[in-house]
Amino acid sequence: KWFSVRARFQVSTATGIGVYIGMTTGGAAAALPFGTNYTDVVAIRKAITSATVTGHTRGNSGTAVDTTLVTTSVANTEMDIGFAVYVHATEQQGYWYADGTITPMTTAELAQVALLLTTPQVMYATLHVTGVTATNPTMTVTSFLAQVDN
């Protein structure tokens with residue numbers, strides 16, 4: 001099955017807010033995913049104190065793999081990001097999308113995608129946002145789309 005997620009959003013600070021956008025195991029399974037990762041995840045990720053936006057994959061509690069760079073967050077500037085992934089045991093495929101640029105998933109990322117099938121989980125479309133303690137960063141979401149083919 002092909003899964004895809006696409007979002008348009010902006011953050012008020014490039015280095016004071018963390019974001020996960022994608023498909024993950026239940027939100028309760030990783031209430032603070034920047035400290036304890038989801039067991040299964042394919043997502044666009046921006047760490048709380050970094051402006052770097054990466055693709056992030058992990059299957060069956062395996063070794064999480066990040067792309068080197070999908071894009072860079074700029075305060076109060078809208079980003080158009082997403083991914084599409086074909087979850088298959090032997091023929092997995094996928095790419096990251098950022099502001100018109102497509103980056104194929106690496107071999108290591110696709111290996112984690114295949115591991116999603118090891119112990120299949122209930123997966124959710126996830127938008128997880130976490131700010132720096134004692135600050136008031138904001139995230140404005142213009143659109144958030146998630147789909148799966150049947």
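Scroll up to find the structure.
These lines cover the structure that appears in this document, whether it is placed above or below. (Residues numbered from 1 in each chain as written. Predicted model: local features only at pLDDT ≥ 70, side-chain atom pairs only at ≥ 80, totals over all residues. Heavy atoms only, no water.)

1. Side note on the overall build of the chain
Broken down by element type, the chain carries 1 helix and 11 strands. In the chain, the order of α-helices and β-strands from amino to carboxyl end is β-β-β-β-β-β-β-β-β-α-β-β. The C-alpha atoms of the chain give 14 Å as radius of gyration, which agrees with the globular expectation for 150 residues (15 Å, within 12%). For the C-alpha atoms alone, the extent of the chain along its principal axes is close to 45 × 30 × 25 Å. With 150 residues in all, the chain has 44% of them scored as buried. Once local pairs closer than 6 in sequence are excluded, the contacts in the chain between residues at least 24 apart make up 60%. Summing over all exposed atoms, the chain offers an accessible surface of approximately 7,300 Å²; the carbon and sulfur share of this is 54%. Separation between the mean location of the 6 positive side-chain charges and that of the 8 negative ones in the chain comes to 6 Å. (Helix = DSSP H or I, 4+ residues; strand = E, 2+ residues; numbered from the N terminus. Rg over C-alpha atoms; globule rule 2.2 N^0.38 Å. Buried < 20%, exposed > 50% of the residue type's maximum accessible area, 1.4 Å probe, protein only. Contact = heavy atoms within 4.5 Å. Areas by Shrake-Rupley, 256 points an atom, 1.4 Å probe, with all protein chains shown as cover. Lys, Arg positive; Asp, Glu negative; His and termini not counted. Charge placed at Lys NZ, Arg CZ, Asp CG, Glu CD.)

2. Some words on helix H1 (residues 107–115)
Taken residue by residue, H1 has Glu-109, Leu-110, Gln-112, Val-113 and Ala-114 as its buried positions. Contacts made by the buried residues of H1 are with strand E3 (41–46), strand E4 (52–58), strand E5 (65–66), strand E7 (79–86), strand E8 (93–98) and strand E9 (101–104).

3. What to know about the environment of Phe-83
Here Phe-83 lies in strand E7. Taking the relative accessible area as the measure of exposure, Phe-83 reaches 3% and is therefore buried. Sequence separation of Phe-83 and Val-113 is 30 residues, and the distance between their C-alpha atoms is 13 Å. Residues in contact with Phe-83, not counting those within four places in the same chain, are Phe-3, Ser-4, Val-5, Ile-21, Gly-22, Met-23, Val-42, Ala-43, Ile-44, Tyr-95, Trp-96 and Tyr-97.

4. Considering the pattern of salt bridges
This model, assessed by the stated rule, comprises 2 salt bridges. Linking Asp-80 and Arg-6 is a salt bridge whose minimum nitrogen-to-oxygen distance equals 2.6 Å. You can see Asp-80 sitting in strand E7 and its partner Arg-6 sitting in strand E1 (residues 2–11), a full 74 residues away along the chain. In this structure, Glu-78 engages Arg-8 in a salt bridge whose closest nitrogen and oxygen atoms are separated by 2.5 Å. In this pair, Glu-78 sits in the loop between strand E6 (71–72) and E7 while Arg-8 sits in strand E1, placing the two residues 70 residues apart along the sequence. (Salt bridge = Lys/Arg side-chain N within 4 Å of Asp/Glu carboxyl O.)

5. Description of the sheet that holds E7
One open sheet accounts for 5 strands, arranged E9-E8-E7-E1-E11; its pairing is antiparallel. Each edge of the sheet is formed by a strand with only one pairing partner; in this case those strands are E9 and strand E11 (139–148). For this sheet, the mean angle separating the axes of adjacent strands, direction not counted, is 15°. The pairing of E1 with E11 spans 9 bridges and is antiparallel. Across the sheet, residue Ser-4 finds its bridge partner in E11, namely Gln-147. In the packing of H1 onto the sheet, the strands contacted are E7, E8 and E9, and the crossing angle to E8 comes to about 120°. (Pairing = 2+ DSSP bridges. Axes fitted to C-alpha atoms, helices over the stretch in contact; angles between N-to-C directions.)

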